[in-house]
Amino acid sequence: MQDIKSIEQAVFACVDGSKYSEAVCDYALHIAKQLNLTLVLLNTIEHPNASSITNLSGNLTLGERDLLLNELSDEDAQKNKESINHGKEILKELKERVTDKGYSNVVISQRHGTLYENLKELEDKLRVVIFGFSGMGHMQKEDEVGSCVENIIRDVDAPIILVNKEYTPIKSVMIAFNGESGSTKALEELSSSPMLEHDVKRYVVNINNNQNRSDELIKHAKEIIKDETLNCEFIQKSGEPLESILECIEKNSIDMLAIGSYSHGKLKTALFGSLTTKLIQNVKIPLVILK
């Protein structure tokens, strides 16, 4: 495995063998090709925090406690070994998947610690981070936003693509634009960056019950898009934001949605209950999240 500290910037595909790992790999490959960057397949090994040994009674003799600690240590070591070997096999298979598709600029990396900890450490190397919504280590329901996803989106300074379906070619993308910094960054990124091919149709949607304000925001969005040759369509709707965006996605057969995320904050209420979270929970296509 290559030391990724020598890489300046790369597209990071975070894979753990869960059901979206191949899709994460395929979306990352597409983006890496577009940006002409190294594709890093990253697997992280979290130390086990639960034991199958249930006899944890406090009524143990000194010798029994020592024996139990040794058993716990042995079990942890075995779990770590199994996780490491499983991760290496995943990385090997996905690297072969990438090279079989003709892309040789790919490296694999296995690191200890949580995904969040590793992404923060590698933050200056992250051009784009891609991972699946539902990982093997997080057994929450698919419509729940786990703390790992929350922390990465909140704190990691890089565009994030959240994969929640099998890979399909990106022919259209919708950008939810409300004039705030995150949505402005999303519009700038997806209208000027080579991350998306030129012929991908871009839909810019503003949901606003104030028609005059909506007109102003759409005018501003048109000013942000410098390339007049892009195929862009501007949509103005009133009503409840989540329902309106979901209607637009279905009506226009959108392949990917770009949104601005919530800003940094200590309170979980800044995340939960926000439109960002509702979109993550309800949208059935990959999301590009920028802040």
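It should be noted that the structure appears before, not after, this text.
This text gives an overview of the structure that appears in the document. Since this is a predicted model, take the numbers as computed values, not measurements.

Observations regarding the overall build of the protein chain
When its secondary structure is counted, the protein chain shows eight helices and ten strands. Looking at the protein chain as a whole, 49% of its 291 residues qualify as buried. Once local pairs closer than 6 in sequence are excluded, the contacts in the protein chain between residues at least 24 apart make up 80%. Summed over its atoms, the accessible surface of the protein chain is roughly 14,800 Å², and 47% of this surface lies on carbon and sulfur atoms.

Details of the nonpolar core
Val11, Leu39, Leu41 and Ile130 are the most contacted members of the largest nonpolar core, which totals 47 residues. Ranked by residues supplied to this core, first place goes to helix α1 (residues 21-35) with nine residues. No fewer than three residues from each of domain 1 (4-48 + 83-163) and domain 3 (172-289) sit in this core. Residues in contact with leucine 41, not counting those within four places in the same chain, are Ala13, Cys25, Leu91, Leu94, Lys95, Val106, Val107, Ile108 and Ser109.

Let's talk about the pattern of salt bridges
Under the criterion given, the structure shown has nine salt bridges. Put simply, glutamate 22 and arginine 97 hold a salt bridge, and the shortest N to O gap is 3.4 Å. A residue pair is termed long-range when its members are at least 10 positions apart, and glutamate 22 in helix α1 and arginine 97 in helix α2 (residues 62-100) qualify at 75 residues. Note that lysine 237 is salt-bridged to glutamate 247, the shortest N-O span being 3.6 Å. One end of the pair, lysine 237, is in strand β8 (residues 232-237); the other, glutamate 247, is in helix α7 (residues 241-252), and ten residues separate them in sequence. Note on glutamate 247: relative accessible area 44%, which makes it partly exposed.

Digging into unusual backbone geometry
Within the chain, asparagine 36 stands out as a residue other than glycine whose phi angle is a positive 55°. Of note, asparagine 36 is situated in the loop between α1 and β2 (38-45). Residue classification places asparagine 36 among the exposed residues on the basis of a relative accessible area of 63%.

A short note on α1
The terminal C-alpha atoms of α1 lie 21 Å apart, and with 15 residues this matches the ideal 21 Å at 1.5 Å per residue to within 8%. Most of α1 is tucked away: twelve of the 15 residues are buried. Those residues of α1 that sit buried are Ser21, Ala23, Val24, Cys25, Asp26, Tyr27, Ala28, Leu29, His30, Ile31, Ala32 and Leu35. Remark: asparagine 36 follows α1 within two positions and exhibits a positive phi of approximately 55°.

Things to note about the packing of aromatic side chains
Scanning the entire structure with this criterion turns up one aromatic pair. Plain terms: the ring middles of tyrosine 27 and tyrosine 167 are 4.7 Å apart, the flat faces sit at 70° to each other, and that makes the pair edge-to-face. Residue tyrosine 27 is located in helix α1, and its partner tyrosine 167 is located in the loop between β5 (160-163) and β6 (172-176); the two are separated by 140 residues in the primary sequence. The buried category is assigned to tyrosine 27, whose relative accessible area is 1%. Across the ring face of phenylalanine 234, the terminal group of lysine 222 is positioned such that the distance to the ring centre comes to 5.2 Å.

About the thresholds
Residues numbered from 1 in each chain as written. Predicted model: local features only at pLDDT ≥ 70, side-chain atom pairs only at ≥ 80, totals over all residues. Heavy atoms only, no water. Helix = DSSP H or I, 4+ residues; strand = E, 2+ residues; numbered from the N terminus. Buried < 20%, exposed > 50% of the residue type's maximum accessible area, 1.4 Å probe, protein only. Contact = heavy atoms within 4.5 Å. Areas by Shrake-Rupley, 256 points an atom, 1.4 Å probe, with all protein chains shown as cover. Core = buried A, V, L, I, M, F, W, Y, C linked by side-chain atoms within 4.5 Å. Domains from an automatic or database assignment. Salt bridge = Lys/Arg side-chain N within 4 Å of Asp/Glu carboxyl O. Expected span 1.5 Å × (residues − 1). Phe/Tyr/Trp six-rings, centres within 6.5 Å; stacked < 30°, edge-to-face > 60°. Lys NZ or Arg CZ within 6 Å of the ring centre and 35° of its normal.

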